[in-house]
Amino acid sequence: YLAQKAQESGYHPEIILAGRRLNDSMGAFIASELIKELIKGNHSIKNSKILMLGITFKENCPDIRNSKAIDVYNELIGYGVNIDVYDEWANSAEVKNEYGIDLIPSLNDRYEGIILVVAHNEFENINLKSLLKPEGVIYDVKAMLDRRLITKRL
């Protein structure tokens, strides 16, 4: 909105637009960082199982509108991985309608990689290591988890 109003007034808001470009590219960057960590752990990328924690717009909020988590999801799908999305805050029907994603109702599988995209308080209480396959990767986008637990953080 600010960029649009500035342009209407004849001003070219380069810094605002640069910030928008950076934000718009973060999904691809985050996905590629997870893929690099999986490769370092000798995981095959195609058909690997990834758990994505969070799909809402922000932590501890059920709103899925304008969520950038979907950008991470779509980028990872482009690598040929299988993604389970878990988010107790999100309404399953809304997520299915808006993004075509079926949320998983519980955590009882094992994954090559786990990516925490939204910092819901409940995620701190999950034993993520028990959900990982050997040499599995935990990527904490929100710097929420204990550093001893994770492989990488943004």
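Before reading further, recall that the structure is shown in the block above.
Residues numbered from 1 in each chain as written. Predicted model: local features only at pLDDT ≥ 70, side-chain atom pairs only at ≥ 80, totals over all residues. Heavy atoms only, no water.

Chemist: Could you clarify how one ought to interpret the overall build of the protein in this entry?
Modeler: Looking only at helices and strands, one finds four helices and five strands in the protein. Ordered by position from N to C terminus, the α and β elements of the protein give α-α-β-α-β-α-β-β-β. Seen through its principal axes, the protein has C-alpha atoms that stretch 55 × 35 × 30 Å. Across the 154 residues in the protein, those meeting the buried criterion constitute 44%. (Helix = DSSP H or I, 4+ residues; strand = E, 2+ residues; numbered from the N terminus. Buried < 20%, exposed > 50% of the residue type's maximum accessible area, 1.4 Å probe, protein only.)

Chemist: Looking at this structure, I do not really get the nonpolar core. What am I missing?
Modeler: With 28 residues, the main nonpolar core has Met 52, Ile 55, Leu 76 and Ile 115 as its most contacted residues. Not counting chain neighbours up to four residues away, the residues in contact with Ile 115 comprise Ile 30, Leu 34, Ile 50, Leu 51, Met 52, Leu 53, Val 72, Leu 76, Tyr 139 and Val 141. Within the second largest apolar cluster, 17 residues are counted, among which are Leu 51, Tyr 86, Ala 119 and Leu 131. (Core = buried A, V, L, I, M, F, W, Y, C linked by side-chain atoms within 4.5 Å. Contact = heavy atoms within 4.5 Å.)

Chemist: Is there a simple way to explain the layout of surface pockets in this structure?
Modeler: Once rolled over the atoms, a probe with the size of a water molecule shows which space is left empty. Within this model, the largest pocket holds a volume of roughly 340 Å³. Considering the residues around the largest pocket, the lining is formed by 19 residues, among which Ile 30, Lys 68, Ala 69, Val 117 and Lys 142 are closest to the centre. Looking at the lining of the largest pocket, the elements with two or more residues in it are helix 2 (14-40) and helix 3 (69-78). Looking at the lining of the largest pocket element by element, the count peaks at four residues for helix 2. (1 Å grid on protein atoms, 1.4 Å probe; cavity = no way out; pocket = protein on both sides within 12 Å on 5 of 7 lines; lining within 4 Å. Points joined across faces, edges and corners; volume = space filled by probe spheres on them.)

Chemist: I tried to follow helix 4 (residues 92-99) on my own but got confused; where do I start?
Modeler: Turn by turn, an α-helix covers 3.6 residues, leaving residues three or four places apart pointing in a common direction. Its side-chain oxygen placed 2.9 Å from the backbone nitrogen of Ala 93, Asn 91 serves as the N-cap of helix 4. Backbone geometry just downstream of helix 4 places Gly 100 in the positive-phi region, at approximately 75°. (Polar contact = N/O pair within 3.5 Å; in protein donor to acceptor, adjacent residues only side chain to side chain.)

Chemist: Hey, could you run me through the environment of Asp 24 in this one?
Modeler: Examined against the element boundaries, Asp 24 turns out to sit in helix 2. With a relative accessible area of 47%, Asp 24 lands in the partly exposed category. When the C-alpha positions of Asp 24 and Asp 87 are compared, they lie 23 Å apart, and in sequence the two are 63 residues distant.

Chemist: I tried to follow the pattern of salt bridges on my own but got confused; where do I start?
Modeler: Side-chain pairs of opposite charge can arise whenever the charged atoms involved come near each other. The final tally for this structure, using the stated rule, is 11 salt bridges. A salt bridge links Asp 84 to Lys 49; the nearest nitrogen and oxygen atoms lie 3.8 Å apart. Of this pair, Asp 84 sits in strand 2 (residues 82-86) while Lys 49 sits in strand 1 (residues 49-53), and the two are 35 residues apart along the sequence. Put simply, Arg 65 and Asp 63 hold a salt bridge, and the shortest N to O gap is 2.8 Å. By relative accessible area, which is 59% here, Arg 65 ends up exposed. Connected via shared salt-bridge partners are Glu 33, Lys 36 and Lys 152. (Salt bridge = Lys/Arg side-chain N within 4 Å of Asp/Glu carboxyl O.)

Chemist: Explanation requested: the sheet that holds strand 5 (residues 152-153) in the structure shown.
Modeler: Backbone-to-backbone hydrogen bonds pair the strands of a sheet. The strands run either parallel or antiparallel. Reading across the sheet, the five strands line up as 2-1-3-4-5 and stay open at both edges, with parallel pairing between neighbours. Two strands close off the open sheet at either side, each with one partner strand: strand 2 and strand 5. Alignment of strand 4 (residues 132-140) against strand 5, held across two bridges, turns out to be parallel. Residue Tyr 139 lies in a different strand from strand 5, and its bridge partner there is Lys 152. (Pairing = 2+ DSSP bridges.)

Chemist: Even after reading the chapter, I still don't get unusual backbone geometry, so can you show me in this structure?
Modeler: Generally, phi is negative for residues other than glycine and the peptide bonds are trans, each holding for most cases. With a phi close to 65°, Asn 42 is a non-glycine residue in the positive phi region. For Asn 66, which is not a glycine, the phi torsion comes out positive at approximately 60°. Tracing the chain through its elements places Asn 66 in the loop between strand 1 and helix 3.

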